[in-house]
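Given next are the chains, with one letter for each unit.
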Amino acid sequence: MSEKIVVFTGAGVSQESGLRTFRDMGGLWQEHNIEDVASPEGFERNPAMVLEFYNQRRRKLGEVEPNAAHRAIAELERDFDVVVVTQNVDDLHERAGSTRVVHIHGEILKNRSSVDPALRYPAGGKIDIDLGDLCEKGSQLRPDVVWFGEDVLHYPESVQHFRDADRVLVVGTSLTVVPAAGLIRYAAAKAEKVVVALDLDTVPHGFHFLRGKATEMVPQVTDAWRRGRRP
Ligand code: OAD
């Protein structure tokens, strides 16, 4: 049985691909009010504006590529049992080749009904969601992303992945949004734990902090692990 690695990612892993993070300088939440574009109430108030915010990000995804960090994470599957648990709504882990990706904040390229979260649909060829695009129950479609006040997805399953992990690699997340950030507490005391970020307010207990760019630090960690060394 190969060792199990859980990789937990946030916006920082996709930053060097050209996608903006949320809380860094120039991050999305400096320019947009979270309550307006990432809450059910904001969507009720101004659905056109909210759809446009996500449509722009869906279009942007078509212009960017996975980077060396996504690729290094995908390559770990050659030697380890790997699960990627991500807060990201982009598809860059999948495009880099990762085969087990758990999207706890949803997937921007999918659509869902605004009255029934169980009704989810692939976006198909249509990138934009327009006002008037309806689910089978006749309600407006919205992107399949988790908004503030809504339940994260796949939480119990993700807790179990963390509990089972022999090694945990956290990349590019400020670890400020709960309950997502709370997942790392479930990692076993004996698991080897590494966190990569440009900056972190608090280094979580038991983690070895590697400060730097994901595209530089992540391949260093994964190379070390594949050679049986500590990063
Ligand atoms: P944040 O924007 O809060 O944090 C990004 C983290 O990535 C910071 O710690 C940065 O230091 C780090 N970072 C930035 N660029 C980096 C790079 N090139 N290499 C390495 N690290 C880098 O993003 P998240 O933690 O992902 O939720 O945000 C969590 C959630 O907040 C998101 O999933 C989203 C947002 O509101 C929802 O929309 C529900």
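Shown above is the structure to which this text applies.
Calculation criteria
- Residues numbered from 1 in each chain as written.
- Predicted model: local features only at pLDDT ≥ 70, side-chain atom pairs only at ≥ 80, totals over all residues.
- Heavy atoms only, no water.
- Near = heavy atom within 4 Å.
- Polar contact = N/O pair within 3.5 Å; in protein donor to acceptor, adjacent residues only side chain to side chain.
- Areas by Shrake-Rupley, 256 points an atom, 1.4 Å probe, with all protein chains shown as cover.
- Nonpolar A, V, L, I, M, F, W, Y, C, P; charged D, E, K, R; others polar.
- Buried < 20%, exposed > 50% of the residue type's maximum accessible area, 1.4 Å probe, protein only.
- Helix = DSSP H or I, 4+ residues; strand = E, 2+ residues; numbered from the N terminus.
- Pairing = 2+ DSSP bridges.
- Phe/Tyr/Trp six-rings, centres within 6.5 Å; stacked < 30°, edge-to-face > 60°.

## Some thoughts on the site of the ligand
Step number 1: As a matter of local geometry, the ligand sits amid 24 residues, with Ala11, Gln15, Arg23, Thr173 and Ser174 nearest to it.
Step number 2: Between the ligand and Ala11 there is a distance of 2.8 Å, counted from an oxygen atom to a backbone nitrogen or oxygen.
Step number 3: Coverage of the ligand by the protein amounts to 96% of the 800 Å² it exposes when considered alone.
Step number 4: In terms of residue class, the shell around the ligand is built from 9 nonpolar, 10 polar and 5 charged.

## Regarding the pairing of strand E1 (residues 4-9)
Step number 1: A large share of E1 lies buried, amounting to 6 of its 6 residues.
Step number 2: Residue alternation in E1 divides its side chains into two sets, Lys4, Val6 and Phe8 and Ile5, Val7 and Thr9, and both sets are buried.
Step number 3: Two strands pair when backbone bridges link them, and E1 and strand E2 (residues 81-86) are joined in this way by 6 bridges, in the parallel orientation. Each bridged residue has a counterpart across the sheet, and for Val7 the counterpart in E2 is Val84.
Step number 4: When E1 meets strand E7 (residues 167-171), the two strands line up parallel, connected through 5 bridges. If you follow Ile5 over to E7, its bridge partner there is Arg167.

## Quick word on the packing of aromatic side chains
Step number 1: Tallying each qualifying case throughout the model produces 6 aromatic pairs.
Step number 2: Here the aromatic rings of Phe22 and Trp29 are separated by 5.0 Å at their centres, their planes lie at 40°, and the arrangement is tilted.
Step number 3: What makes Phe22 partly exposed here is its relative accessible area of 24%.
Step number 4: Each ring, one from Tyr54 and one from Trp147, has its centre 6.1 Å from the other, and the planes form 40°; the classification is tilted. One end of the pair, Tyr54, is in helix H5 (residues 47-61); the other, Trp147, is in the loop between strand E6 (141-145) and helix H8 (155-164), with 93 residues separating them in the sequence.
Step number 5: A residue is classified by how much of its surface remains accessible, and Tyr54, at 4% relative accessible area, is buried.
Step number 6: What makes Trp147 buried here is its relative accessible area of 2%.
Step number 7: What links up through ring pairs into an aromatic cluster is the set Phe22, Trp29, Phe43, Phe53, Tyr54 and Trp147.

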